[in-house]
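# Examining the three-dimensional arrangement
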Amino acid sequence: MSTRLRRVLRVARWEAARASGGVDRRTLLAAVALFAVAGGVLGAGLAAGVVGLDVDRDVYRVGVDDGSPYADAVEAEPALTLVSADRASLGTTADLIVHDDGRGGGVVAVATDTRKGEAAAAEFREAVEAHNERLMAAETNETAAFPLSVTLRYVTRGGSLPDTSLGGTEDEVGTDDGSADGDEADGDAGGSGDGSTNGGDGGTGDVDDGGDGTDGNGEDDALAVPSIGGGLGGGAFGGDSVGAPGSITPPFPFASLVLAFVFLVPMNFIVQAYGSSVLDERTNRRGEPLLVTPLAPVDIVAGKTLPYVAVAVGITALIAGLVGGGVVSVLAILPIAATFLAATFVGAVFARSFKELTFVTVAVSVLLTSYAFVPAIFTNVTPVALISPLTLVVFDLQGEAVSLGEFLFATTPTALASVLLFGLGLGVYREEDLFTQKPVGRKFLDALAARLYGVGEGVRRPPATGIAARVPERLRGVGAVAFLTACTVPFVFVAELLAVAVLFALPVSVSIPVLLVTIAFIEEVAKSVHLYAGFERGVFARTDRVALAVGLASGLGFFVAEKATAVVQAIGLTELYVGRAAFGSVAGVAGLSPALLVALFLAPLVVHGFTTAVTAVGASRNRTYYAGTLVVATLLHAAYNVGVLGIHG
């Protein structure tokens, strides 16, 4: 073990020196200078208050008199641009004009008869209401400004709430527990008798469409909201949980998601350097000397990958320290980083040129970024969010506790997928594949066939080593098939989770049929693609008997490994309708008879065995037959999924 570790570290040092030497000093200095200038400009803008997240700044122009109290409300709203009413012309220099009606009746707001004018009116109304909120928040007597105050407390499902009063000075008006599909909210309303909304001691004046409100001393306090269309809007980030009822907005971890996304950005640069290094060794044959050394392929790949893993860990830890994350954030990002590197490694050993590698790395980045980011959008909403390890980062940034089960559920699929991807790439990490210009599809079949053992008469059987040597020769072939099929389950699980996350927001009438067919297709491909590789590469004899044998073995291996997906029940994913559609075989079966329970337990075994045997027979013929039988198997599997969904409701 120590000898192998020294060999791996030696390759790692060689790779680090080679990678660092690939960038000349002039380019490095230019990059450092560019980042320094960009950071200086951004820092100066933030310090001066001219740079922020106001992506809708200066969208609408509003004409208001300079001395009007509405001018302050317009200036405080980034989306509105103040235009002097004397120089404002409706439809040309202004989208909305605010002026007195001239008869003492109050304020009139006139907008252009366009959709932009309607939007400007709605934005102006929100600006006035926000201005009034700020004026009342500045009052020394908070109870008079906000006679009714609401506090929301979000707890996990099944959690207990303390019986305390929030905001009531004498008597608690009441509490009401409201449950939703994800979290539970407790609203406590507290009020006080000192202060009136009709101009009493310290209260605010009536707000109507006719004039300005005044407080008890006759001073201007609140602006009248003109009679224009529009609706109430929450803050940019949401999540206000304390205040007047009108100011409460649903929680949405936008800021945390933006910060969590920062963890993924460096991965795209790391995988570009990693993939370029692997492909450069192939195209220039620089990796050939390593293959003739006593080093095993796994030692070479581990040594070459180790420096990039170290860089990913270092950058992740640095970002976590800067944005307030902790150990959970670093550990949650590691499986994603490993999957990025593993998928890039497979693409680099398959690609024939840097053009193909660029396509592969872009596809990997888009797919994995979508898998990590899309489910995290539903953080604090549904269990779908825990599909992504990025959700754990959001929890960590919000200071919420993460259970061991949630952590394992979010990180295990990607961690296993990265290990298996490296194993797939190692299947072609040999001279006859690395330094040839085979198409990507042929190399993929070679990588799968390298993990199989001969079945049938007249096929080549390499000497068995390791654990395989202890297995009887008759069982080695079908055993290798079952094991390789079981290894595809993490990929199937990840693909199905991504499908659930993507289709979650669509109407049930659309999402369920698409999801059932998609899942059936994913599973049938996973169970049969390596069988097709075995027949194409001459590992399996092209007979119906061999096809049935390997097909049934593949179905059995998938059935055994599929039961590991029962972990979806631990986080409540099967409580969602799309969750039951995707993982119906592991959903709750309370109240069913023992005979029906046994039938439901064995039914997937029968379905997997039958459909895979069908595709195996097609794969033993040729590619056209395989494609046709794959379609048939997918439809049969989808029909079975419909029946299971009907039983589980």
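My aim in this report is to walk through the structure given alongside it, one point at a time. (Residues numbered from 1 in each chain as written. Predicted model: local features only at pLDDT ≥ 70, side-chain atom pairs only at ≥ 80, totals over all residues. Heavy atoms only, no water.)

### A closer look at the overall build of the chain
In terms of regular secondary structure, the chain is built from 21 helices and ten strands. Taken across its 649 residues, the chain has 42% of its residues classed as buried. In the chain, the share of contacts with a sequence separation of at least 24, taken over all contacts with a separation of at least 6, comes to 66%. Just so you have it, the chain exposes about 32100 Å², and 62% of that area is on carbon and sulfur atoms. (Helix = DSSP H or I, 4+ residues; strand = E, 2+ residues; numbered from the N terminus. Buried < 20%, exposed > 50% of the residue type's maximum accessible area, 1.4 Å probe, protein only. Contact = heavy atoms within 4.5 Å. Areas by Shrake-Rupley, 256 points an atom, 1.4 Å probe, with all protein chains shown as cover.)

### Here's the deal with the sheet that holds strand β1 (residues 60-64)
Spatial ordering of the open sheet is given by β2-β1-β3-β4, a layout of four strands whose pairing is mixed. Since the sheet does not close on itself, it has two edges, and those belong to β2 (80-84) and β4 (107-111), each with one partner. Strand-to-strand twist in this sheet, taken as the mean axis angle between neighbours without regard to direction, amounts to 25°. When β1 meets strand β3 (residues 96-100), the two strands line up parallel, connected through two bridges. Considered in β3, the bridge of glycine 63 is made with isoleucine 97. Against the sheet, helix α4 (residues 115-137) contacts β1, β2, β3 and β4, and its axis sits at roughly 65° relative to β1. (Pairing = 2+ DSSP bridges. Axes fitted to C-alpha atoms, helices over the stretch in contact; angles between N-to-C directions.)

### A few points about the side chain of serine 620
By secondary structure assignment, the location of serine 620 is in helix α20 (residues 594-621). Reaching out from serine 620, the side chain makes a polar contact with the backbone oxygen of valine 617 at a distance of 2.6 Å. (Polar contact = N/O pair within 3.5 Å; in protein donor to acceptor, adjacent residues only side chain to side chain.)

### Here's the deal with the pairing of β3
As paired elements, β3 and β4 share five bridges and run antiparallel to each other. Looking at the pairing, histidine 99 lines up with valine 108 of β4.

### Describing the side chain of serine 388
Structurally, serine 388 can be placed in the loop between α10 (354-373) and α11 (390-398). Here the side chain of serine 388 touches leucine 390 through a polar contact of 3.0 Å, landing on its backbone nitrogen. Apart from residues lying up to four places away in sequence, serine 388 is in contact with Tyr371, Ala372, Phe373, Pro375, Ala376 and Ala410.

### Here's the deal with the environment of glutamate 562
As for its position among the elements, glutamate 562 is in helix α18 (residues 544-562). Through-space distance from the C-alpha of glutamate 562 to that of alanine 486 is 7.9 Å; in sequence the pair is 76 residues apart.

### Overview of α10
In this model α10 runs 28 Å from its N-terminal to its C-terminal C-alpha over 20 residues, within 8% of the 28 Å that 1.5 Å per residue would give. Those residues of α10 lying buried are Leu357, Thr361, Val364, Ser365, Leu368, Thr369, Tyr371 and Ala372. With its buried residues spanning 155° around the axis, α10 presents them on a single face. Of the exposed residues in α10, the ones pointing more than 90 degrees away from its buried face are Lys355, Phe359 and Val366. (Expected span 1.5 Å × (residues − 1). Arc of directions from axis to C-beta.)

### Here's the deal with the environment of valine 440
Its place among the elements puts valine 440 in helix α14 (residues 440-449). If sequence neighbours within four positions are ignored, valine 440 has contacts with Phe350, Ala351 and Glu356.

### What to know about a nonpolar patch on the surface
A contiguous nonpolar patch, built from Leu5, Leu9, Leu306 and Val309 and spanning about 300 Å² of accessible area, is present on the exposed surface. Examined against the element boundaries, leucine 5 turns out to sit in helix α1 (residues 2-20). (Patch = residues over 30% accessible without salt bridge, like charges linked within 9 Å, V, L, I, M, F, W, Y side chains within 5 Å. Salt bridge = Lys/Arg side-chain N within 4 Å of Asp/Glu carboxyl O.)

### Quick word on α11
In terms of burial, α11 is largely enclosed, as eight of its nine residues are buried. Within α11, burial applies to Leu390, Thr391, Leu392, Val393, Val394, Phe395, Asp396 and Leu397.

### Points about the nonpolar core
Membership of the largest hydrophobic core comes to 85 residues, with the highest contact counts inside it found for Tyr274, Phe345, Val349, Val393, Phe540 and Val550. Among the elements that line this core, the one with the most residues is helix α9 (residues 327-350), at 14 residues. Excluding residues that lie within four positions of it along the chain, valine 349 makes contacts with Val278, Arg282, Gly425, Val428, Tyr429, Leu434 and Lys443. Listed in part, the 16 residues of the second largest apolar core include Tyr60, Leu80, Val107 and Ala109. (Core = buried A, V, L, I, M, F, W, Y, C linked by side-chain atoms within 4.5 Å.)

### Overview of the packing of aromatic side chains
For the coordinates displayed, the defined rule picks out seven aromatic pairs. On the numbers, 5.6 Å between centres and 35° between planes, the contact of phenylalanine 345 with phenylalanine 422 is tilted. Placement of the pair is phenylalanine 345 in helix α9 and phenylalanine 422 in helix α12 (residues 404-426), with a sequence separation of 77 residues. With relative accessibility at 18%, the residue phenylalanine 422 sits in the buried group. Ring geometry for phenylalanine 350 and phenylalanine 444: centres 6.4 Å apart, planes at 80°, overall edge-to-face. Placement of the pair is phenylalanine 350 in helix α9 and phenylalanine 444 in helix α14, with a sequence separation of 94 residues. Under the relative-accessibility criterion, phenylalanine 350 is labelled buried at 6%. Classification of phenylalanine 444 by relative accessible area gives partly exposed; the value is 29%. Joined through ring pairs, the aromatic side chains of Phe345, Phe422 and Tyr429 make up one cluster. (Phe/Tyr/Trp six-rings, centres within 6.5 Å; stacked < 30°, edge-to-face > 60°.)

Geometric values such as these leave the question of function open.
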